[in-house]
Amino acid sequence: MAVLLVMMTTAALATETVPEPEAYRTENYRAPVPATLKGATVVTTSETIALWKDRSAVFVDVLPHDPKPANLPAGTIWKEKIRENIPESIWLPNVGYGVINKETEAYFRKGLKSRLGDDMNRKVLFYCMARCWMSWNAAKRAVEWGYRSVFWYPLGTDGWVAAKQPTQRSAPY
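Residues numbered from 1 in each chain as written. Predicted model: local features only at pLDDT ≥ 70, side-chain atom pairs only at ≥ 80, totals over all residues. Heavy atoms only, no water.

Next up on the list: the nonpolar core. V60, V62, F108, L112, V124, F126 and V150 are the most contacted members of the largest nonpolar core, which totals 30 residues. With six residues, the single largest contributor to this core is helix 4 (residues 133-144). Setting aside its immediate chain neighbours within four residues, F126 contacts V60, V62, F108, L112, S135, A138, A139, A142, V150, F151, W152 and Y153. Counting residues in each nonpolar core, the second largest holds 15 residues, with V43, I49, L155 and A163 among its members. (Core = buried A, V, L, I, M, F, W, Y, C linked by side-chain atoms within 4.5 Å. Buried < 20%, exposed > 50% of the residue type's maximum accessible area, 1.4 Å probe, protein only. Helix = DSSP H or I, 4+ residues; strand = E, 2+ residues; numbered from the N terminus. Contact = heavy atoms within 4.5 Å.)

This is the structure in structure tokens:
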């Protein structure tokens, strides 16, 4: 029954796809995504679960995050959004935009290096949520930077949760 649910959810989330663009996506980040990513391996939920269970890949969550603004007026209530992601992932928010500034690029590279060291051959899997271009952009960027074992999980935490896999509360790197 669980396998059927995952298959139905996967089919529902993946019904609309678009051709793979040459460049990064720079707008409308929550929209149908391509079924491919040149230079990377696109993985299903079951393949992602296998990679997670055998601990052969570093998992990178790229869901955006809005930090608490420093200039909030006194007395303003700020409710931090809780992120539940795939256990043992590193959360590198905001690195999946189509255009990133030098500070964000340095943060992204530092985050990857913190888990991968200088090993450009180590498996690294990028995800966000279903229909999220952030993970596609981030994985594409890693390929362009010379990482040779890049995986992209287009269903992200939506597919993971639908498969009844564990999550953990996460904080940005």
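Another aspect to go through is helix 3 (residues 102-116). Over its 15 residues, helix 3 runs 20 Å from end to end, which matches the ideal 21 Å to within 8%, given 1.5 Å per residue. The secondary structure elements touched by the buried residues of helix 3 are strand 2 (57-61), strand 4 (90-91), strand 5 (123-127) and helix 4. You can read the cap of helix 3 off the contacts: a side-chain oxygen lies 3.1 Å from the backbone nitrogen of E103, and it is on N101. (Expected span 1.5 Å × (residues − 1). Polar contact = N/O pair within 3.5 Å; in protein donor to acceptor, adjacent residues only side chain to side chain.)

Take unusual backbone geometry next. At N28, a position not held by glycine, the phi torsion is positive, near 45°. Checked against the element boundaries, N28 lands in the loop between helix 1 (2-13) and strand 1 (41-42). Although it is not a glycine, E88 adopts a positive phi angle of roughly 75°. Positionally, E88 belongs in the loop between strand 3 (83-85) and strand 4.

Here we come to the environment of R25. Relative to the helices and strands, R25 is located in the loop between helix 1 and strand 1. Remark: the alpha-carbon pair of R25 and K140, spanning 115 residues in sequence, is separated by 10 Å. Those residues in contact with R25 that lie beyond four places of it in its chain are A31, Y97, G98, W133, W136 and N137. In this structure the side chain of R25 is engaged in a polar contact, spanning 2.8 Å, whose partner is the backbone oxygen of E27.

A word on the sheet that holds strand 2. Strand pairs in the sheet, formed through backbone hydrogen bonds, run parallel or antiparallel to each other. Taking strand neighbours across the sheet as the criterion, the five strands line up as 1-6-5-2-4 in an open arrangement whose pairing is parallel. Looking along the sheet, the strands with just one partner apiece sit at the ends: strand 1 and strand 4. Pairing of strand 2 with strand 4 involves two bridges; the strand directions are parallel. Residue pairing across strands places V60 opposite I90, the latter belonging to strand 4. On top of the sheet, helix 2 (residues 45-53) reaches strand 1, strand 2, strand 5 and strand 6 (150-153); it is set at about 120° to strand 2, its chief contact. Of the strands in this sheet, strand 2, strand 4 and strand 5 touch helix 3, which is tilted by about 135° from strand 5. (Pairing = 2+ DSSP bridges. Axes fitted to C-alpha atoms, helices over the stretch in contact; angles between N-to-C directions.)

Here we come to the confidence of the model for the chain. Across the chain, the average pLDDT comes to 91, with 91% of residues at or above 70. Here residues 8-14 is a poorly scored stretch, pLDDT under 50, and it has eight contacts once near neighbours within four places are set aside; other chains count. (pLDDT = per-residue confidence, 0-100.)

Turning to the pattern of salt bridges, a few remarks are in order. Summed over the entire model, instances satisfying the criterion amount to five salt bridges. With a shortest N-O distance of 2.7 Å, D61 and R83 are connected by a salt bridge. Of this pair, D61 sits in strand 2 while R83 sits in strand 3, placing them 22 residues apart in sequence. Taken individually, D61 and R83 each receive the classification buried, so the pair is uniform in this respect. Notably, a salt bridge pairs E105 with R109, separated by 2.9 Å at the nearest N-O pair. Of the two residues, E105 and R109 both sit in helix 3, four residues apart, roughly one turn of that helix. Judged by its relative accessible area of 38%, R109 is partly exposed. (Salt bridge = Lys/Arg side-chain N within 4 Å of Asp/Glu carboxyl O.)

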